[in-house]
Amino acid sequence: MKVAGVIPARWASSRLPGKSLVSICGKPLVQRVWERASQAKRLTSLVVATDDERIASAVRGFGGRAVMTRPDHPTGTDRVAEAVQGTDAGVVINIQGDEPLIDPGLIDELAGSFIEPGWDMATAACPITDPREEAAPSVVKVVWDARGGALYFSRLPIPFVRDEGDTVRRWRHIGIYAYRVDFLYRLLATSPCELERVEKLEQLRALYMGGRIKVIQAAAAGIGVDTPEDVAVAEEAVRRAEARGGG
């Protein structure tokens with residue numbers, strides 16, 4: 001089965017417009033993501049899906065492949081779906097375009113999930129170690145079954161601990177997704193359900209449809225660039241990784 005990696009990279013961003021081209025230690029952010037994703041062994045193709053010629057030109061400039069997509073897509077998922085239309089990929093991985101140190105091993109694990117039959121999607125989660133993150137609505141939590149299939153995602157701290165003195169490890173959802181391409185098209189053709197509408201979590205539509213989502217356990221959430229303040233944090237992380245030989 002062919003596995004396509006797609007990095008959605010739109011120009012508009014409410015907190016950091018044009019962030020795909022923001023310099024991270026001398027390279028555009030999108031190049032950092034591309035170079036890391038290129039190390040994944042299970043990808044049979046990799047492309048940046050963008051709505052802006054400036055980003056496409058930068059991608060071509062460092063030797064990457066870019067495709068132009070419509071500017072009016074409501075989500076990155078829609079952009080990814082357009083990028084794989086007409087291809088023979090059976091699985092597509094939506095690779096976040098704002099993580100300069102995305103783990104290529106995690107990409108391979110997600111792709112490998114589909115060797116086992118029955119999964120429509122795959123995603124990832126890491127342990128929450130900061131109690132403030134457990135309570136933060138911006139940090140999405142996930143619980144899963146004995147086979148690793150997602151049961152629910154929520155902005156609330158799940159599972160709920162009823163009795164004082166009991167403890168539980170909670171897991172933070174990491175926003176990287178792999179889809180069987182046919183399921184991706186079905187997902188986007190289905191109207192949002194009430195769960196998605198109130199939680200503002202697209203993956204709940206997939207569960208509502210009866211989709212099976214494999215959850216891969218990762219060590220950490222990674223470094224994302226979403227605000228100007230995140231740039232310095234990302235640059236420091238990249239410098240540390242390069243000093244260790246892992247940049």
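The rules behind the values
- Residues numbered from 1 in each chain as written.
- Predicted model: local features only at pLDDT ≥ 70, side-chain atom pairs only at ≥ 80, totals over all residues.
- Heavy atoms only, no water.
- Phe/Tyr/Trp six-rings, centres within 6.5 Å; stacked < 30°, edge-to-face > 60°.
- Helix = DSSP H or I, 4+ residues; strand = E, 2+ residues; numbered from the N terminus.
- Buried < 20%, exposed > 50% of the residue type's maximum accessible area, 1.4 Å probe, protein only.
- Lys NZ or Arg CZ within 6 Å of the ring centre and 35° of its normal.
- Contact = heavy atoms within 4.5 Å.
- Pairing = 2+ DSSP bridges.
- 1 Å grid on protein atoms, 1.4 Å probe; cavity = no way out; pocket = protein on both sides within 12 Å on 5 of 7 lines; lining within 4 Å.
- Points joined across faces, edges and corners; volume = space filled by probe spheres on them.
- Nonpolar A, V, L, I, M, F, W, Y, C, P; charged D, E, K, R; others polar.
- Salt bridge = Lys/Arg side-chain N within 4 Å of Asp/Glu carboxyl O.

Trainee: Mind laying out the packing of aromatic side chains, listing which residues take part and the relevant values?
Mentor: Taken as a whole, this structure holds three aromatic pairs when the rule is applied. With 5.1 Å between their ring centres and 70 degrees between their planes, Trp144 and Trp171 make a pair best called edge-to-face. Highlighted residues: Trp144 in strand 8 (residues 141-144) and Trp171 in strand 10 (residues 171-180), separated in sequence by 27 residues. Residue Trp144 is classed as partly exposed on the basis of its relative accessible area, which comes to 22%. Looking at Trp171, the relative accessible area reads 12%, which means it is buried. Above the ring of Trp11, the side-chain terminus of Arg54 is found at 3.6 Å from the ring centroid.

Trainee: Explain unusual backbone geometry to me, and be specific about the residues and the numbers.
Mentor: Ile158 connects to Pro159 through a cis peptide bond whose omega is -5 degrees. Among the secondary structure elements, Pro159 is positioned in the loop between strand 9 (150-154) and strand 10. One non-glycine residue, Cys25, lies in positive phi territory at about 55 degrees. Among the structural elements, Cys25 can be located in the loop between strand 2 (23-24) and strand 3 (27-28). For Cys25, a relative accessible area of 24% translates into the label partly exposed. Phi at Lys200 takes a positive value of approximately 60 degrees, unusual for a residue other than glycine. Mapping Lys200 onto the fold places it in the loop between helix 7 (194-199) and helix 8 (203-208). For Lys200, a relative accessible area of 60% gives the class exposed.

Trainee: Report on the environment of Tyr179, specifying residues and quantitative values.
Mentor: Structurally, Tyr179 is set in strand 10. Separated by 92 residues in sequence, Tyr179 and Thr87 have C-alpha atoms that sit 14 Å apart. In this structure, Tyr179 is in contact with Thr77, Gly90, Val91, Val92, Asn94, Phe114, Asp120, Met121, Leu184, Leu187 and Glu202, ignoring residues within four places of it in sequence.

Trainee: I'd love a proper account of the pairing of strand 6 (residues 91-94), names of residues and values included.
Mentor: Here strand 6 shows no split at all, with Val91 and Ile93 on one side and Val92 and Asn94 on the other all buried. Looking at chain direction, strand 1 (residues 3-9) and strand 6 are connected through four bridges and run parallel. Residue pairing in the sheet places Val6 in a bridge with Asn94 of strand 6. One ladder, built from four bridges, connects strand 6 with strand 10; its direction is antiparallel. Along strand 10, the bridge assignment pairs Ile93 with Ala178.

Trainee: Go over the environment of Val168 with me, naming the residues and quoting the values.
Mentor: Position of Val168 relative to the elements: it lies in the loop between strand 9 and strand 10. Between the C-alpha atom of Val168 and that of Ile158, which follows or precedes it by 10 residues, the distance is 9.4 Å. When sequence neighbours within four positions are dropped, the list of residues in contact with Val168 reads Pro159 and Val161.

Trainee: I'd like to hear about the layout of surface pockets, residue by residue, with values.
Mentor: Roughly 1800 Å³ of volume is contained in the largest pocket. Lys19, Gln96, Asp98, Gly175 and Asp226 are, among the 43 residues lining the largest pocket, the residues nearest its centre. Looking at the lining of the largest pocket residue by residue, the class counts come to 14 nonpolar, 16 polar and 13 charged. One number sums up the size of the second largest pocket: a volume of about 250 Å³. Residue lining of the second largest pocket: 15 residues in total, with Leu101, Asp103, Ala220, Ala221 and Gly222 positioned closest to the centre.

Trainee: Which residues make up the pattern of salt bridges, and what are the values?
Mentor: Note on pairing: side chains with opposite charge can pair once their charged atoms come close. One pass over the structure, following the stated rule, counts 18 salt bridges. Two residues, Asp226 and Lys19, come together in a salt bridge whose shortest N-O distance is 3.1 Å. On the criterion of sequence distance, the pair formed by Asp226 in the loop between strand 11 (213-217) and helix 9 (228-243) and Lys19 in the loop between strand 1 and strand 2 is long-range, its members being 207 residues apart. What makes Asp226 partly exposed here is its relative accessible area of 22%.

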